[in-house]
Amino acid sequence: MGFPAARPRRLRSTPAVRRLVAETTLEPRQLVLPVFVREGIDAPVPIASMPGVVQHPLDGLRKAAAEAAAAGLGGIMLFGIPAHKDAVGSAGTDPDGILQQGLRAVVEEAGDSLVVMSDLCLDEFTDHGHCGVLAADGSVDNDATLVRYAEMAIVQAEAGAHVVAPSGMMDGQVGVIRSALDESGFSNVSVLAYSAKYASAFYGPFREAVDSSLKGDRRAYQQDGANAREALREVRLDLAEGADMVMVKPASAYLDILRAVADESDVPVAAYQVSGEYAMIEAAAANGWIDRDRAVLESLTAIRRAGADFVLTYWAGEAAGWLRAAR
Ligand code: PBG
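These numbers were taken from a predicted model, which means no experiment stands behind them.

Caption draft 1: Highlighting the pairing of strand β9 (residues 269-272). Of the two faces of β9, the one carrying Val-269 and Ala-271 and the one carrying Ala-270 and Tyr-272 are both buried. Here 3 bridges tie strand β8 (residues 245-249) to β9, and the two strands are oriented parallel to one another. Within β9, the residue paired with Val-246 across the bridge is Val-269. In the classification by handedness, the crossover that spans β8, the intervening helix α8 (residues 255-264) and the parallel β9 is right-handed. Pairing analysis gives 3 bridges linking β9 to strand β10 (residues 310-312), with the strands arranged parallel. Bridge pairing in β10 links Ala-271 to Val-311.

Below, the structure written as structure tokens:
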């Protein structure tokens, strides 16, 4: 009988050798925590479809930012939920709007140790729930929305955002935001472009998280999950318009896109492990069907392996704790 000449199992045989040869690293600095701050509440409001995630009042947000910094996270991404929504998303450009208040609080609390990022999109602020302003026929008006995004970029930068992250998938958004920032003296503020953002069922729980009233879907501006080349085109356009970093979203169902984008781009690549990815693992774990902590770390490692330099994940703080404990 012939024995195998090659025995890959040797390099899997002990924890020490597995650690020695691991190709992919996962470190707290590679994790970014998305957080929700809501106007007009004084206690955290749980998000039922995202167990363990809450809408924060301002002081709770401060605490979350301090904890994120203490956990050694790379950054924090803010989403604001205003008390009043309207057709053009006025609260998104109000210098005293909740997102801007949140940014100022987080920058003050943890701005030296965390990269403070701001979601730049209108859907949290509009009463119809779309990512832009609507034309007379009810479609999202690309160029009218760009004007609003430019205004948002400036108020977010004034509030101290280090990075603005346009997520609305309007054509030309990165270029308009870059010029608005530069013309207003914010040439140091970076743009993290949600370049390849797919129209996804995995954003479901997020709609609850931001009290969205969206009816219908976002397929007329977010990408079709059937397309891969289109993602590379979006990345190229965003880089030409001045994006400092690019993102793929969602993560787990789009790991092939993430790999392709990482191979193509010469800027840092982020991936967003979205609300539905979080909810799926939490729900399975709550039923005792899956080992929660292992599933979380496995999913994060897969996202890193596929090419993400950093990952936005609702488990960022907790995962960072496990990673520190495992060292
Ligand atoms: C848009 C935005 C969305 C998410 C992040 N930014 C919602 C959407 O595009 O429909 C989803 C994040 C998640 O599901 O965790 N502002």
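Caption draft 2: View of the nonpolar core. Val-32, Ile-76, Ala-153 and Ile-177 are the most contacted members of the largest nonpolar core, which has 101 residues in total. Among the elements that line this core, the one with the most residues is helix α4 (residues 142-158), at 8 residues. Those residues within four positions of Ile-76 in sequence are excluded, and the remaining contacts are Val-32, Leu-33, Val-35, Ala-65, Ala-68, Val-106, Leu-114, Val-116 and Met-117.

Caption draft 3: Structural context of the site of the ligand. In the vicinity of the ligand, the contacting residues are Asp-119, Cys-121, Asp-123, Cys-131, Ser-167, Tyr-203, Phe-206, Arg-218, Val-274 and Ser-275. A class-by-class count of the residues in the shell around the ligand yields 5 nonpolar, 2 polar and 3 charged.

Caption draft 4: Structural detail: α4. Between its terminal C-alpha atoms α4 stretches 25 Å, which fits the 24 Å expected from 17 residues at 1.5 Å a residue. Where α4 is concerned, the buried positions are Thr-145, Leu-146, Arg-148, Tyr-149, Ala-150, Met-152, Ala-153, Ile-154, Val-155, Gln-156 and Ala-157. Two residues or fewer past α4, Gly-160 is found with a positive phi of approximately 110°.

Caption draft 5: Representation of unusual backbone geometry in the model. Cis geometry is found at the peptide bond from Lys-249 to Pro-250, where omega equals -10°. By secondary structure assignment, the location of Pro-250 is in the loop between β8 and α8. Look at Asp-211: it is not a glycine, yet its phi comes out positive at around 50°. Position of Asp-211 relative to the elements: it lies in the loop between α6 (204-209) and α7 (229-240). Using a count of 16 C-beta atoms within 10 Å as the deciding quantity, one classes Asp-211 as partly exposed.

Caption draft 6: The arrangement of the pairing of strand β7 (residues 190-197) in detail. Where burial is concerned, most of β7 is hidden: 7 out of the 8 residues are buried. Judged from the 2 bridges that link them, strand β6 (residues 163-166) and β7 form a sheet pairing that is parallel. Following the sheet pairing, Val-164 is matched in β7 by Val-191. Between the parallel pair β6 and β7, the chain is carried across by helix α5 (residues 173-183), and the sense of this crossover is right-handed. Pairing analysis gives 4 bridges linking β7 to β8, with the strands arranged parallel. What sits directly across from Ala-196, in β8, is Val-248.

Caption draft 7: Structural view of helix α3 (residues 98-110). Here α3 contains 13 residues, and its C-alpha end-to-end distance of 18 Å stays within 8% of the 18 Å for a straight helix at 1.5 Å per residue. All buried positions along α3 are accounted for by Ile-98, Leu-99, Gln-100, Gly-102, Leu-103, Ala-105, Val-106, Glu-109 and Ala-110. On the buried face of α3, the contacting elements are β1 (31-38), α2 (58-70), β4 (75-81), β5 (115-120) and α4.

Caption draft 8: Main features of the environment of Ile-177. Turning to its location among the elements, Ile-177 is positioned in helix α5. Of the residues examined, Ile-177 has 29 C-beta atoms within 10 Å and is grouped as buried.

Cut-off values and rules
- Residues numbered from 1 in each chain as written.
- Predicted model: local features only at pLDDT ≥ 70, side-chain atom pairs only at ≥ 80, totals over all residues.
- Buried ≥ 20, exposed ≤ 12 C-beta atoms within 10 Å, placed from the backbone.
- Helix = DSSP H or I, 4+ residues; strand = E, 2+ residues; numbered from the N terminus.
- Pairing = 2+ DSSP bridges.
- Right-handed = clockwise from strand over helix to strand, strands pointing away.
- Core = buried A, V, L, I, M, F, W, Y, C linked by C-beta atoms within 7 Å.
- Contact = placed C-beta atoms within 7 Å.
- Near = placed C-beta within 6 Å.
- Nonpolar A, V, L, I, M, F, W, Y, C, P; charged D, E, K, R; others polar.
- Expected span 1.5 Å × (residues − 1).

On their own, these measurements won't tell you what the molecule is for.
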